[in-house]
Amino acid sequence: MRARGIAGAAGLIGLALIVVGLVLGMFWSVEPDRFDVEANAEAMAEAEGGSVVTGYVTVAALERVAETLLDKAGGYLSNDVMPPGVLLDNLPSWEYGVLVQVRDLARALRNDWSRSQSQSVEDRDLATAEPQFNVNSESWMFPPSESEYREGVEALRRYRLRLNDESQQDSQFYARADNLVAWLAVVEKRLGSLSQRLSASVGQARINTDLAGESSAENATIRPGELKVKTSWLEIDDVFYQARGTTWALVHFLRGVEQDFNGILRNKNAMTSLRQVIRELEASQHAIWSPMILNGSGFGILANHSLVMASYVSRANSAVIDLRSLLERG
C-alpha cells in the first residue's frame, strides 16, 4: 500500500509538472509587442539627462530590441537545454530572425554609420558590441549566449551615451545616403532569401537565373537550367517564425531610420518609399489566429501561412529596392 501511495504521489507530481510546463510553454511562446521608437528614445534621453541627437533613435531602438530578445517572457530560449524551453521551436526561430537583424545593424553602425570615411578609426564601443552579438546563438555554456549579448547591449549603451556628450567628439553618427544604402543592400538580401524560402513551402520548379544578365559570368559547379525547390515540412514553421522575427526587428530599425535620416530621405524624395516598406513589414505582424502554421497547397482548401508571409516580405523587398534606387541617385 505504501509503495502504491508513493507511486500515486509521484504520478500526481509528474502530471503537475507537465501542466506547469505546458502553461509556461504557451506563455513563453507569445511574441513581444512592438514599441514606439521615438518614445523609447525620449524616455532614455530623459532618464539620463541627455537629448535626442542624430542617430540616437536608431541606436536606442537597437539597444531596446536586443534587450527584448533577452528579457521577454521566458528570457532567451534558443540555448535552453531544459524543458519547457528546449521543447519550443517557434520562439527560438523568431529570436534568430531578430538576432540576425541586430547583428546586421550593429555591423553597419561599426563599419559605416559611426565613421566618416573608410580610413577613419572605428568606434571603440561598437568594436566591442558587434562581435558580442555574433556569438553562437545556441551556446549555453563557455560562454552562454545571454551574457555575451548582454555585454553587447552595454557597449551599445555606452556608445549612445557618448553621442550626447559634447566632450566625446570621437563618438559620431553620420546620417548619409551612402551609409543608409549600404545597410539597405543587406536588408534587401535578407528579405529576398526569406521570401524564396517562404514561397518554397509548396514546392516550385524555377528557371535557373543565377548567371542571367552577364554572358561571361561563371559559377563553381554546373547547375541544371530548371531547379526544383521546396522547403522541408519540418522547417516550414521555423522559416515562418524567423521571418516574423526579422520583420518585427526591421519595423523598429526603419522607424529609427525615418527619424535619424529624415533630412536625407526628404531631400531624395524617398520618405514615401520608406514608409511603404514599413507598412508592408507591419502587415506581416498581424495576429495569427490559427493554433498552428498551415501549409495548404496553392489555391487549395487550407490556408498557406508561409505564402501569405512571403507576399508581405516580397512587397517589402521590392519597396527596399525602390528606396535604395532613390537614395543612390544624385
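Residues numbered from 1 in each chain as written. Predicted model: local features only at pLDDT ≥ 70, side-chain atom pairs only at ≥ 80, totals over all residues. Heavy atoms only, no water.

### What about the overall build of the chain?
Right, on to step 1. Counting its secondary structure elements, the chain contains eleven helices and two strands.
Right, on to step 2. Ordered by position in the sequence, the α and β elements of the chain form the string α-α-α-α-α-α-α-β-β-α-α-α-α.
Right, on to step 3. When burial is assessed residue by residue, the chain has 45% of its 330 residues classed as buried.
Right, on to step 4. Of the roughly 17,400 Å² of accessible surface on the chain, a fraction of 54% belongs to carbon and sulfur atoms. (Helix = DSSP H or I, 4+ residues; strand = E, 2+ residues; numbered from the N terminus. Buried < 20%, exposed > 50% of the residue type's maximum accessible area, 1.4 Å probe, protein only. Areas by Shrake-Rupley, 256 points an atom, 1.4 Å probe, with all protein chains shown as cover.)

### Focus: the nonpolar core
Right, on to step 1. Ranked by internal contacts, the top residues of the largest apolar core, which has 78 residues, are Leu-109, Trp-113, Phe-133, Leu-180, Trp-183 and Leu-265.
Right, on to step 2. Here this core gets twelve residues from one element, more than from any other, and that element is helix H8 (residues 236-260). (Core = buried A, V, L, I, M, F, W, Y, C linked by side-chain atoms within 4.5 Å.)

### Here we look at the packing of aromatic side chains
Right, on to step 1. In this structure the tally under the stated criterion is nine aromatic pairs.
Right, on to step 2. Centre to centre, the rings of Trp-113 and Phe-173 are 5.6 Å apart; their planes meet at 70 degrees, and the pair counts as edge-to-face. With Trp-113 in helix H4 (residues 90-113) and Phe-173 in the loop between helix H6 (145-163) and helix H7 (177-199), the pair connects residues that are 60 residues apart, well separated along the chain.
Right, on to step 3. By relative accessible area, Trp-113 is classed as buried at 0%.
Right, on to step 4. On the basis of relative accessible area, Phe-173 is assigned to the buried category, the value being 6%.
Right, on to step 5. A centroid spacing of 5.7 Å and a plane angle of 65 degrees characterise the contact between Phe-173 and Phe-261, whose relative ring orientation is edge-to-face. Taken together, the positions of Phe-173 in the loop between H6 and H7 and Phe-261 in the loop between H8 and helix H9 (262-267) put the pair 88 residues apart, joining distant regions of the chain.
Right, on to step 6. Judged by its relative accessible area of 1%, Phe-261 falls in the buried class.
Right, on to step 7. Taken together, the aromatic side chains of Trp-113, Phe-173, Trp-183 and Phe-261 make up a single cluster linked through ring pairs.
Right, on to step 8. Looking at Arg-64, its charged tip hangs above the ring of Phe-35, at a distance of 4.3 Å from the centre. (Phe/Tyr/Trp six-rings, centres within 6.5 Å; stacked < 30°, edge-to-face > 60°. Lys NZ or Arg CZ within 6 Å of the ring centre and 35° of its normal.)

### What to know about unusual backbone geometry
Right, on to step 1. Looking along the chain, the bond that leaves Pro-83 and enters Pro-84 is cis, with omega of 5 degrees.
Right, on to step 2. Mapped onto the secondary structure, Pro-84 falls in the loop between helix H3 (56-71) and H4.
Right, on to step 3. At the junction of Phe-142 and Pro-143, the peptide bond is cis and its omega measures out at 0 degrees in the coordinates.
Right, on to step 4. Within the secondary structure, Pro-143 sits in the loop between helix H5 (124-132) and H6.
Right, on to step 5. The phi angle at Phe-142 is positive, at roughly 55 degrees, despite the residue not being glycine.
Right, on to step 6. Here Phe-142 is to be found in the loop between H5 and H6.
Right, on to step 7. The exposure class of Phe-142 is exposed, given its relative accessible area of 75%.
Right, on to step 8. Backbone geometry places Asn-269, a non-glycine residue, at a positive phi of 55 degrees.

### Examining the pattern of salt bridges
Right, on to step 1. What the rule picks out here adds up to 23 salt bridges.
Right, on to step 2. For Arg-150, the salt bridge identified is with Asp-71, shortest N-O distance 3.1 Å. Separated by 79 residues along the polypeptide, Arg-150 in helix H6 and Asp-71 in helix H3 bring together distant segments of the chain.
Right, on to step 3. Note on Arg-150: relative accessible area 34%, which makes it partly exposed.
Right, on to step 4. One salt-bridge network, in which partners are shared between bridges, spans Asp-104, Arg-107, Arg-110, Glu-122, Glu-130 and Arg-190. (Salt bridge = Lys/Arg side-chain N within 4 Å of Asp/Glu carboxyl O.)

### So, H6
Right, on to step 1. In this model H6 runs 27 Å from its N-terminal to its C-terminal C-alpha over 19 residues, within 8% of the 27 Å that 1.5 Å per residue would give.
Right, on to step 2. Buried residues of H6: Ser-145, Glu-148, Tyr-149, Gly-152, Val-153, Ala-155, Leu-156, Tyr-159, Arg-160, Arg-162 and Leu-163, and no others.
Right, on to step 3. Packed against the buried residues of H6 are helix H2 (37-47), H3, H4 and H5. (Expected span 1.5 Å × (residues − 1). Contact = heavy atoms within 4.5 Å.)

### Points about the confidence of the model for the chain
Right, on to step 1. Put simply, the chain has an average pLDDT of 87, and 86% of its residues get 70 or more.
Right, on to step 2. Mean pLDDT across the elements of the chain bottoms out in strand S2 (residues 226-229) (61) and peaks in H3 (97). (pLDDT = per-residue confidence, 0-100.)

### Some details on H5
Right, on to step 1. Those residues of H5 lying buried are Asp-125, Leu-126, Ala-127, Ala-129, Glu-130 and Gln-132.
Right, on to step 2. Those residues of H5 hidden inside the fold are in contact with H4 and H6.
Right, on to step 3. Where H5 begins, the capping side chain belongs to Asp-123, and its oxygen is found 3.0 Å from the backbone nitrogen of Asp-125. (Polar contact = N/O pair within 3.5 Å; in protein donor to acceptor, adjacent residues only side chain to side chain.)

### A word on the environment of Glu-188
Right, on to step 1. Its place among the elements puts Glu-188 in helix H7.
Right, on to step 2. Residues Glu-188 and Asn-317, spaced 129 residues apart in sequence, show a C-alpha to C-alpha distance of 5.7 Å.
Right, on to step 3. A polar atom in the side chain of Glu-188 sits 2.8 Å from the side chain of Arg-324.

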